[in-house]
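Topology and contacts: notes
So you can see what is in the structure, the chains are spelled out below.
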Amino acid sequence: MYREKSDLSGRAAFITGGGRGIGLCTAEALLEHGARVVISDRDPAVLEAGRAELAEKGWEIDAVTLDVTDSKAVARAAADANERHGGIDILIANAGIAWPDTPGESMTDEVWHKVVDVDLNGCYWSCREFGRAMLERGRGSIVTVGSMSGLISNKPQRQVHYNAAKAGVHHMTRSLAGEWAPRGVRVNSVAPTYVDTAMSRGGFTDDALMPTWMASTPMNRPARADEIASAILFLATDASSAMTGSIVTVDCGYTIW
Ligand code: NDP
């Protein structure tokens, strides 16, 4: 029975920002559990590299270029994917950016919008467009990728845009979960700690900063992308069938202290 609950045979999943990092690991986790997977990313080269990496491992996937900040493009991608795959059962709203860091008193409109447009608005456009089709079918599971930065204002400071956007992702997740639970659609979020990916290499791996981060981490290590993917997988499957509106920390204990 427990094995059946995590079986995704016959289900189709769509992942935003799926060309690399956490999104690509999640694609592999879903494929291993039997799902058909569509990865999307804004950069065709990143998307193709992700598709090729999965193909080398013997997986066949569908890959579509998509910038989640373009709500009309998200609507078109949702309609196409639903038609091509006979309905998308799982959405992983994962696309995100974090930089540039800027002190709160001097962040420009442009820098604020750049991060909020991808991390919060893009996540909402994705949930709205894929969620609508799920509601029509009366079933679906959405996992948003938030951050521990949505729960605490982590070090380094200077990320008011990212922290606010990820807090918004968590609360949006809970709001949609409440609205959609009676109609068969679950919405949950993961809140990862630092993970070594291209995004975090943009700033977190600063040699001077890592000891500070690790001193604040009970497990004294970063998480790996596959460890975030495992939590996303659990939330995507029926193994988590009683969960909706949950914000699952995958943070090596960072938010305990
Ligand atoms: P990566 O940069 O490796 O992957 C994110 C992907 O999202 C990239 O391929 C990126 O493409 C893509 N993307 C960015 N903007 C858009 C857009 N507008 N439309 C579509 N795709 C886009 O980072 P991670 O795998 O680390 O991040 C995945 C998620 O995890 C993000 O939401 C991030 O905030 C979250 N997270 C990551 C943590 C970490 O330490 N790595 C910690 C906590 C949360 P491009 O190259 O074009 O930018």
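Quick note: structure is the one above.
Described in the following lines is the structure provided in the data block. What you see is a predicted model; the values in this text were computed from it and never measured.

1. Some details on the overall build of the protein
A tally of helices and strands in the protein yields 9 helices and 7 strands. For 257 residues, the compact-globule estimate of 2.2 N^0.38 gives 18 Å, and the protein sits close to it at 17 Å. With respect to the three principal axes, the spread of C-alpha positions in the protein is 50 × 40 × 40 Å. A buried classification covers 47% of the 257 residues belonging to the protein. Taking as baseline every contact in the protein between residues at least 6 positions apart, the subset at least 24 positions apart corresponds to 76%.

2. A few points about helix 3 (residues 44–56)
The end-to-end C-alpha distance of helix 3, which contains 13 residues, comes to 18 Å, matching closely the 18 Å that a straight helix rising 1.5 Å per residue would cover. Looking only at helix 3, the buried set comprises Val46, Leu47, Gly50 and Arg51. Take helix 3 and look down its axis: the buried residues cluster within an arc of 135°, on one side only. Facing away from the buried side of helix 3 by over 90 degrees, the exposed positions are Pro44, Ala45, Ala52, Ala55 and Glu56.

3. So, the site of the ligand
In the neighbourhood of the ligand, 31 residues make up the surrounding shell, with Gly17, Gly21, Gly96, Thr197 and Met199 lying closest. Mapped by element, the contributors of at least two residues to the shell around the ligand are helix 2 (21–32), helix 5 (109–137) and helix 7 (198–201). Classifying every residue of the shell around the ligand gives 14 nonpolar, 12 polar and 5 charged.

4. Observations regarding the sheet that holds strand 6 (residues 185–192)
Taking strand neighbours across the sheet as the criterion, the 7 strands line up as 3-2-1-4-5-6-7 in an open arrangement whose pairing is parallel. Of all strands in the sheet, those with a lone pairing partner are strand 3 (62–65) and strand 7 (247–250), marking the two edges. Recorded for the sheet is a direction-independent mean angle of 20° between the axes of neighbouring strands. The pairing of strand 2 (residues 36–41) with strand 3 spans 4 bridges and is parallel. Among the inter-strand pairings, aspartate 41 is bridged to a residue of strand 3, identified as threonine 65. Sitting on the sheet, helix 2 is in contact with strand 1 (12–15), strand 2, strand 4 (90–93) and strand 5 (140–145), with an inclination near 170° to strand 2.

5. Side note on the packing of helix 2 against helix 9 (residues 225–236)
Helix packing for two helices is described by the angle between their axes and how far apart those axes are. Two numbers describe how helix 2 lies on helix 9: the axes approach to 8 Å, and their chain directions differ by 55°. Between helix 2 and helix 9, the crossing angle belongs to the class labelled oblique. Considering how the two elements wind past one another, helix 2 and helix 9 form a crossing that is right-handed. Each of Gly21, Ile22, Cys25, Thr26, Ala29 and Leu30 in helix 2 lies in contact with helix 9, whose residues at this interface are Ala225, Asp226, Ile228, Ala229, Ser230, Ile232, Leu233 and Ala236. Looking at the contact of helix 2 with helix 9 residue by residue, the classes come out as 10 nonpolar, 3 polar and 1 charged.

6. Considering the packing of helix 5 against helix 6 (residues 160–180)
Running from amino to carboxyl end, helix 5 crosses helix 6 at an angle of 15°, the nearest separation of the two axes being 9 Å. Comparing their axes, helix 6 and helix 5 come out roughly parallel. Note that helix 5 runs across helix 6; the crossing there is right-handed. Contacts between helix 5 and helix 6 pair Val111, Trp112, Val115, Val116, Asp119, Leu120, Cys123, Tyr124, Cys127, Gly131 and Leu135 from the former with His161, Tyr162, Ala165, Lys166, Gly168, Val169, Met172, Leu176 and Trp180 from the latter. Classifying every residue of the contact of helix 5 with helix 6 gives 15 nonpolar, 3 polar and 2 charged.

7. Structural notes on helix 6
Over its 21 residues, helix 6 runs 30 Å from end to end, which matches the ideal 30 Å to within 8%, given 1.5 Å per residue. All buried positions along helix 6 are accounted for by His161, Tyr162, Asn163, Ala165, Lys166, Val169, Met172, Thr173, Leu176, Ala177 and Trp180. Looking at the buried side of helix 6, the elements it contacts are helix 5, strand 5, strand 6 and strand 7.

8. Quick notes on the environment of glycine 140
Turning to its location among the elements, glycine 140 is positioned in strand 5. Through-space distance from the C-alpha of glycine 140 to that of aspartate 89 is 4.8 Å; in sequence the pair is 51 residues apart. Discounting residues that sit within four places of it in the chain, glycine 140 has contacts with Asp89, Met134 and Val185.

9. Concerning the pairing of strand 5
On any regular strand, side chains alternate: one points to one face of the sheet, the next to the other face. The element strand 5 is extensively covered by neighbouring structure, given that 6 of its 6 residues are classed as buried. Neither face of strand 5 is exposed, since Gly140, Ile142 and Thr144 on one face and Ser141, Val143 and Val145 on the opposite face are all buried. As paired strands, strand 4 and strand 5 are joined by 4 bridges and run parallel to one another. By the bridge assignment, leucine 91 is partnered in strand 5 with isoleucine 142. Following the backbone out of strand 4, through helix 5 and into the adjacent parallel strand 5, one traces a crossover that is right-handed. For strand 5 and strand 6, the ladder comprises 6 bridges, and the chain directions are parallel. Of the residues in strand 6, the one forming a bridge with valine 145 is valine 190.

The rules we used
- Residues numbered from 1 in each chain as written.
- Predicted model: local features only at pLDDT ≥ 70, side-chain atom pairs only at ≥ 80, totals over all residues.
- Helix = DSSP H or I, 4+ residues; strand = E, 2+ residues; numbered from the N terminus.
- Rg over C-alpha atoms; globule rule 2.2 N^0.38 Å.
- Buried ≥ 20, exposed ≤ 12 C-beta atoms within 10 Å, placed from the backbone.
- Contact = placed C-beta atoms within 7 Å.
- Expected span 1.5 Å × (residues − 1).
- Arc of directions from axis to C-beta.
- Near = placed C-beta within 6 Å.
- Nonpolar A, V, L, I, M, F, W, Y, C, P; charged D, E, K, R; others polar.
- Pairing = 2+ DSSP bridges.
- Axes fitted to C-alpha atoms, helices over the stretch in contact; angles between N-to-C directions.
- Parallel < 35°, antiparallel > 145°, perpendicular 65-115°, else oblique.
- Left-handed = near helix turned anticlockwise from the far one by under 90°.
- Right-handed = clockwise from strand over helix to strand, strands pointing away.

Without other data, these values stay purely geometric and don't point to any function.
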